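What follows is each chain in one-letter form.
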Amino acid sequence: MKTPLTNLLGLFYPKKCPTCAKIISNYEEILCLSCRMELPETNFTENEGNMIEKLFYGRIPIEEATSLLFFSKRGIVQKLIHQLKYGKQELIGRFLGEWLGAKMLHSNRFNSLDCIIPVPLHPKKLKKRGYNQVSSFGESLSNKLNIPMIENKLLRVSKSNTQTYKNRFERWKNVEEIFEISDINIFKNQHILLIDDVVTTGATIESCCTQLMRTKNIKISIATMVITE
Ligand SMILES: [Zn+2]
């Protein structure tokens, strides 16, 4: 809610649009209206057999999948995600989550979900950045869809191996990050929604799913903020 105090503060610290840097008015949220109108929506949510679902065909069994926006190089979406990841603008994630959540509710394709799992950051990266950019997105999806978000059960860890390696390539492989689930029974018989910021090749999501699929009778759906074309 906008109080007189926030209006007053707005005079001294005007809010800027994260993508065009124009000062935004009190009734504009997060983005200025013209940037908001320019965001390239995918319309995947209501459409089965969409591009993100096709991306995973033959790789991992997915129930339903959607992405909210298309990514365009140097464009507005890239700036938005950059501000979310590196500019401490977690509100952008909340805004995108509310938007996508409303569409998911409306589509009736995502009715049987039990919980939301964000793709985790490596603990070192989390400490450095201070937050997982996918968490605020997950929180607002959780509110909209009325299902819990479960963090810290799917983990990103360094693959540690104390063996001595022969060449540079193998040494590089040595510091690779992998995913792990802390308890393989926790998602038993659950339909989970795995969420991430940007999907490009799908490799990250695929490796999360490979871990999650160690769980008995798990079903997986996917939602991302952005997909690259
Ligand atoms: Zn703008």
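Just above sits the structure.
Residues numbered from 1 in each chain as written. Predicted model: local features only at pLDDT ≥ 70, side-chain atom pairs only at ≥ 80, totals over all residues.

## Let's talk about unusual backbone geometry
Okay, so step 1: One non-glycine residue with positive phi stands out, namely Lys88, at about 60 degrees.
Okay, so step 2: Here Lys88 lies in the loop between α4 (76-86) and α5 (91-107).
Okay, so step 3: The phi torsion at Asn108 lies on the positive side, around 65 degrees, for a residue other than glycine.
Okay, so step 4: With respect to the helices, strands and loops of the structure, Asn108 is situated in the loop between α5 and β2 (115-118). (Helix = DSSP H or I, 4+ residues; strand = E, 2+ residues; numbered from the N terminus.)

## Considering α4
Okay, so step 1: Among all positions in α4, only Ile76, Val77, Leu80, Ile81 and Leu84 are buried. Each buried residue of α4 lies within a common arc of 130 degrees when the element is viewed along its axis, so the set occupies one face.
Okay, so step 2: For α4, the secondary structure elements touched by its buried residues are α2 (33-38), β1 (65-71), α5, β5 (191-199) and β6 (219-228).
Okay, so step 3: Two residues or fewer after α4 comes Lys88, characterised by a positive phi angle close to 60 degrees. (Buried ≥ 20, exposed ≤ 12 C-beta atoms within 10 Å, placed from the backbone. Arc of directions from axis to C-beta. Contact = placed C-beta atoms within 7 Å.)

## Considerations on the sheet that holds β1
Okay, so step 1: In spatial order, the strands read β1-β6-β5-β2; together these 4 strands make up an open sheet with parallel pairing. The open sheet has two edge strands with one neighbour each: β1 and β2. Going across the sheet, the axis of each strand differs from the next one's by a mean of 20 degrees, ignoring polarity.
Okay, so step 2: Bridge analysis of β1 against β6 gives 6 bridges, and the strand direction is parallel. By the bridge assignment, Ala65 is partnered in β6 with Ile222.
Okay, so step 3: With respect to the sheet, α4 is in contact with β1, β5 and β6, its orientation differing from that of β1 by roughly 110 degrees.
Okay, so step 4: Packed onto the sheet, helix α7 (residues 135-145) meets β2, β5 and β6 and runs at close to 175 degrees relative to β2. (Pairing = 2+ DSSP bridges. Axes fitted to C-alpha atoms, helices over the stretch in contact; angles between N-to-C directions.)

## Digging into the environment of His106
Okay, so step 1: Checked against the element boundaries, His106 lands in helix α5.
Okay, so step 2: Sequence spacing of His106 and Glu46 is 60 residues, and the spatial spacing of their C-alpha atoms is 8.2 Å.

## Brief notes about the nonpolar core
Okay, so step 1: Judged by nonpolar contacts, the single largest core of 50 residues is most densely connected at Leu96, Ile192, Leu194, Ile195 and Leu212.
Okay, so step 2: Two domains each put at least three residues into this core: domain 1 (1-38) and domain 2 (39-228).
Okay, so step 3: Setting aside anything within four residues of it in sequence, one finds Ile192 in contact with Asp114, Cys115, Ile117, Phe187, Leu212, Ile218 and Ile220. (Core = buried A, V, L, I, M, F, W, Y, C linked by C-beta atoms within 7 Å. Domains from an automatic or database assignment.)

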